[in-house]
Amino acid sequence: MAGQFSGFWPDSGGAAFAPTAGVANWVLECIAGKELVIREFWWGGEVTAAAGPMRTRISRDSAVGTGARTAIATDRRNPNTAAAPGSGFLSRSYATTPPTISNASLFATPWISAGGQTIVSWQAGPRDGFIIVGAISAECRADIGTDASGYGVAWDES
């Protein structure tokens, strides 16, 4: 295993953000000739009263974004791995063109953003996970809802 990494948006210490429906909360992009495995993802609301419905999904992209990436801070999950990701880039936006999300979802669910707690948490079983191979990406997107919330992902690089 070359590395185990994770990232969370908003970056640590940052204020909660209001997602824009139809725009990625995060994009995990793999470089050509490499492989990533999404092992875990989570999201939760950061509003204090009942708010409107949210619907969020994880999907592969049919085309990667172009232009400079706006990176999301990442860290090692295992101190014995490489100091920084070498096969994947965790971003929140692209300067020129955003990725094109697939209509199919790897995971999707509606939820309510009130409570200030983790609402959705998915963890892969042993030798399991969503695999991204080569120059392609996957993303977390809010299809419905704009309430203050936070989103995270953990992945392995081989």
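Residues numbered from 1 in each chain as written. Predicted model: local features only at pLDDT ≥ 70, side-chain atom pairs only at ≥ 80, totals over all residues. Heavy atoms only, no water.

K.L.:
Would you explain the overall build of the chain in this entry?
P.N.:
In terms of regular secondary structure, the chain is built from 0 helices and 13 strands. Secondary structure elements of the chain occur, N-terminal to C-terminal, as β-β-β-β-β-β-β-β-β-β-β-β-β. Taking 158 residues into account, the globule formula puts the C-alpha radius of gyration at 15 Å, and the chain, at 15 Å, falls close to it. For the chain, the spread of C-alpha atoms along the principal axes amounts to about 45 × 35 × 30 Å. Residues classed as buried in the chain amount to 44% of the 158 residues present. By element, 52% of the accessible surface of the chain is carried by carbon and sulfur atoms, the whole surface being about 7500 Å². When the 11 positive and 13 negative side-chain charges of the chain are each reduced to one mean point, those points stand 4 Å apart. (Helix = DSSP H or I, 4+ residues; strand = E, 2+ residues; numbered from the N terminus. Rg over C-alpha atoms; globule rule 2.2 N^0.38 Å. Buried < 20%, exposed > 50% of the residue type's maximum accessible area, 1.4 Å probe, protein only. Areas by Shrake-Rupley, 256 points an atom, 1.4 Å probe, with all protein chains shown as cover. Lys, Arg positive; Asp, Glu negative; His and termini not counted. Charge placed at Lys NZ, Arg CZ, Asp CG, Glu CD.)

K.L.:
What's the story with the nonpolar core in this structure? I'm lost.
P.N.:
A general trend in soluble globular proteins is that nonpolar side chains are found buried together. Among the nonpolar cores identified, the biggest contains 26 residues, and Trp26, Leu28, Ile38, Phe41, Trp43, Ile132 and Tyr151 are the most heavily contacted of them. Those elements that provide at least two residues to this core are strand E1 (3–9), strand E2 (24–30), strand E3 (35–45), strand E4 (53–63), strand E10 (118–123), strand E11 (130–133), strand E12 (137–144) and strand E13 (149–157). Tallying contributions element by element places E3 first for this core, with 4 residues. (Core = buried A, V, L, I, M, F, W, Y, C linked by side-chain atoms within 4.5 Å.)

K.L.:
Could you clarify how one ought to interpret the side chain of Glu157 in this entry?
P.N.:
Relative to the helices and strands, Glu157 resides in strand E13. For the buried Glu157, no salt bridge is present, and the opposite-charge side chain at shortest range is Lys34, 7.8 Å distant. In terms of polar contacts, Glu157 uses its side chain to reach the backbone amide nitrogen of Ser87, at 3.0 Å. At a separation of 3.0 Å, a polar atom in the side chain of Glu157 contacts the main-chain amide nitrogen of Gly88. (Salt bridge = Lys/Arg side-chain N within 4 Å of Asp/Glu carboxyl O. Polar contact = N/O pair within 3.5 Å; in protein donor to acceptor, adjacent residues only side chain to side chain.)

K.L.:
Looking at this model, I keep getting lost on the packing of aromatic side chains. Mind explaining?
P.N.:
For any pair of aromatic rings, geometry is given as the distance between the ring centres together with the angle between the planes. All chains considered together, the criterion is met by 8 aromatic pairs. On the numbers, 5.8 Å between centres and 10° between planes, the contact of Phe41 with Trp43 is stacked. Judged by relative accessible area, which is 0%, Phe41 ranks as buried. Aromatic side chains Trp43 and Tyr151 sit 6.3 Å apart centroid to centroid with 45° between the ring planes, which places their arrangement in the tilted category. With Trp43 in strand E3 and Tyr151 in strand E13, this residue pair connects regions lying 108 residues apart in the sequence. Judged by its relative accessible area of 0%, Tyr151 is buried. An aromatic cluster of three or more residues is present, and its members are Phe41, Trp43, Phe107, Trp122, Phe130 and Tyr151. For Arg69, the ring lying beneath its charged end belongs to Phe89, and the centroid distance is 4.0 Å. (Phe/Tyr/Trp six-rings, centres within 6.5 Å; stacked < 30°, edge-to-face > 60°. Lys NZ or Arg CZ within 6 Å of the ring centre and 35° of its normal.)

K.L.:
Mind showing me how you'd approach the pattern of salt bridges here?
P.N.:
Between side chains of opposite charge, pairing is possible as soon as their charged atoms come close. Counted by the stated rule, this structure contains 4 salt bridges. Linking Asp143 and Arg57 is a salt bridge whose minimum nitrogen-to-oxygen distance equals 2.7 Å. Taken together, the residues Asp143 in strand E12 and Arg57 in strand E4 connect sequence positions 86 residues apart. Judged by its relative accessible area of 9%, Arg57 falls in the buried class. For Glu139, the salt bridge is made with Arg141, and the minimal N-O distance between the two is 3.0 Å. For Glu139, a relative accessible area of 0% corresponds to the buried category.

Interpretation note: all reported values are geometric properties and have no functional meaning in isolation.
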